Amino acid sequence: MTKGFTGSSVLSESLQKVLTDVTALSLVGKQLHWNVVGVGFRGLHLYLDEVVAIARAASDEVAERMRAINLVPDGRPQSVGELTSLPAVKETIVSTEEAVVAAVAAINATVGTMRQVHEKVDAEDPASADILLDYVRQLEQQAWFIGSSVDKA
């Protein structure tokens, strides 16, 4: 059996950064989801589940894409914890306003990673780059929804 296209170490490193951050985003989303309290709780609680669903779908799609192009994804907890670019979140109860700030920051960091690696990914594998663009759109929309949920403008 022939292996077909095999991604380079640059492509592997780029996609691994994305995999790490979307995996971390799903964990951050659940941490906030479980511990948010205050005015607007219900709406934010549900928005956070949407973010988690998108992040989990993204992690699966990116990891499976890596395997399809003969790369090896690393989703081990210690790797995610050590390599994520997402800011840390509190391990305690958080107000809805604190949760919004933390969620938007985590989403923006994840999207930032996708945007940072996109050019390198696109140069080598436009199919993988398309996956990134789809999740950039979805996550930026969620950041807007969540950020608007407590915006006082």
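Residues numbered from 1 in each chain as written. Predicted model: local features only at pLDDT ≥ 70, side-chain atom pairs only at ≥ 80, totals over all residues. Heavy atoms only, no water.

Once that is clear, we can look at the pattern of salt bridges. Enumeration according to the criterion identifies 6 salt bridges in this entry. With a closest N to O distance of 2.9 Å, Arg65 and Asp125 form a salt bridge. With Arg65 in helix H2 (residues 41–68) and Asp125 in the loop between helix H4 (96–124) and helix H5 (126–148), this residue pair connects regions lying 60 residues apart in the sequence. Overall, the relative accessible area of 21% leaves Arg65 in the partly exposed class. Asp125 gets classed as buried once you look at its relative accessible area, which sits at 6%. Put simply, Glu98 and Lys90 hold a salt bridge, and the shortest N to O gap is 2.7 Å. For Lys90, a relative accessible area of 45% corresponds to the partly exposed category. (Salt bridge = Lys/Arg side-chain N within 4 Å of Asp/Glu carboxyl O. Helix = DSSP H or I, 4+ residues; strand = E, 2+ residues; numbered from the N terminus. Buried < 20%, exposed > 50% of the residue type's maximum accessible area, 1.4 Å probe, protein only.)

Glancing now at empty space enclosed by the protein. Here the structure, examined in full by the defined rule, presents 1 cavity of 30 Å³ or more. One number sums up the size of the largest cavity: a volume of about 40 Å³. Looking at the lining of the largest cavity, the elements with two or more residues in it are helix H1 (9–35), H2 and H4. Residues of the lining of the largest cavity, tallied by class, amount to 8 nonpolar, 1 polar and no charged. (1 Å grid on protein atoms, 1.4 Å probe; cavity = no way out; pocket = protein on both sides within 12 Å on 5 of 7 lines; lining within 4 Å. Points joined across faces, edges and corners; volume = space filled by probe spheres on them. Nonpolar A, V, L, I, M, F, W, Y, C, P; charged D, E, K, R; others polar.)

A few words now on the nonpolar core. With 44 residues, the main nonpolar core has Leu15, Leu25, Leu32, Ile107, Met114 and Ile146 as its most contacted residues. Looking at which element gives the most residues to this core, the answer is H4, with 12 residues. Every residue in contact with Leu32, bar those within four places of it in the chain, is listed here: Leu48, Val89, Val94, Ala99, Ala102 and Ala103. (Core = buried A, V, L, I, M, F, W, Y, C linked by side-chain atoms within 4.5 Å. Contact = heavy atoms within 4.5 Å.)

Glancing now at H4. Each full turn of the α-helix corresponds to 3.6 residues, which orients residues three or four apart in the same direction. In this model, H4 (29 residues) spans 41 Å end to end at C-alpha, consistent with the 42 Å of a helix rising 1.5 Å per residue. For H4, the principal kink sits at His118 and spans about 45 degrees. (Expected span 1.5 Å × (residues − 1). Bend = angle between axes of the 7 residues up to and from the residue.)

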